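So you can see what is in the structure, the chains are spelled out below.
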Amino acid sequence: VVTGASRGIGRCMAERLTQAGARVVAVARDEAALRSLPDAVEPRVLDLRDTAAAGAAAERLVAESGIPGLVISNAGHSIHRYLEEYTERFHDVARLSGVNLLGPIAFLLPLLREMMRAGSGQLISVSTVNVDLPLPGWSVYTATKAGCDVWLAGVAPELRQAGVRVTSVHLPRVRTAM
């Protein structure tokens, strides 16, 4: 399962996994972009900002496609704004929280529950190097990605004990359509 698979890093991962022979479920909100992935990819349209839909989509995914062996939580949204520019734009904070923190957790909970029951699997979270080295103008993006990283760090020991591995990759800025 790859979230944020319609473009950029997620699309590349979905394509490469397919080339390696994996059965890939690609999750993103852009249906047209998902449909342009290789035929072997199973597209699932989802906007992670809708946490109820994210949880329901994960439940459906397990029921219809089985327990994933690998989940790449890659979806993300970034807005570069300095504090002065968003003091009256709380909706930016809410939007990034939905895509980078709350939505991924809502989507992951049903998947991780089943992976734990199965006693196996791998979760890879795609985050940002700015979690380790914050930069002005990226505060909301970094905070929401850091929140997801901290949540993963907190559940990683429980997951590891149940046989599920967790990796968080902190990438530098990457030129994508995001």
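Shown above is the structure to which this text applies.
Given the structure is predicted, the values throughout are model-derived calculations rather than measurements. (Residues numbered from 1 in each chain as written. Predicted model: local features only at pLDDT ≥ 70, side-chain atom pairs only at ≥ 80, totals over all residues. Heavy atoms only, no water.)

Re helix H1 (residues 8-19)
- Between its terminal C-alpha atoms H1 stretches 17 Å, which fits the 16 Å expected from 12 residues at 1.5 Å a residue.
- Every buried residue belonging to H1 is among Gly10, Arg11, Met13, Ala14 and Thr18, and all of these are buried. When H1 is viewed along its axis, its buried side chains cluster within an angular range of 160° and face the same direction. Opposite its buried face, H1 presents the exposed residues Arg16 and Gln19, each directed more than 90 degrees away.
- Among the structural elements, strand E1 (2-3), helix H2 (31-35), strand E4 (70-73) and strand E5 (122-128) are those in contact with the buried residues of H1.
- Two residues or fewer after H1 comes Gly21, characterised by a positive phi angle close to 95°. (Helix = DSSP H or I, 4+ residues; strand = E, 2+ residues; numbered from the N terminus. Expected span 1.5 Å × (residues − 1). Buried < 20%, exposed > 50% of the residue type's maximum accessible area, 1.4 Å probe, protein only. Arc of directions from axis to C-beta. Contact = heavy atoms within 4.5 Å.)

Concerning empty space enclosed by the protein
- All told, the structure shown has 1 cavity of 30 Å³ or more when counted by the stated rule.
- Here the largest cavity defines a volume of roughly 50 Å³.
- For the lining of the largest cavity, the elements supplying multiple residues, two or more each, are helix H5 (90-118) and helix H6 (139-161). (1 Å grid on protein atoms, 1.4 Å probe; cavity = no way out; pocket = protein on both sides within 12 Å on 5 of 7 lines; lining within 4 Å. Points joined across faces, edges and corners; volume = space filled by probe spheres on them.)

Let's talk about the side chain of Asn130
- Here Asn130 is to be found in the loop between E5 and H6.
- For Asn130, a relative accessible area of 5% translates into the label buried.
- A polar atom in the side chain of Asn130 sits 3.1 Å from the backbone oxygen of Leu133.
- The residues contacting Asn130, other than those within four sequence positions of it, are Leu135 and Thr142. (Polar contact = N/O pair within 3.5 Å; in protein donor to acceptor, adjacent residues only side chain to side chain.)

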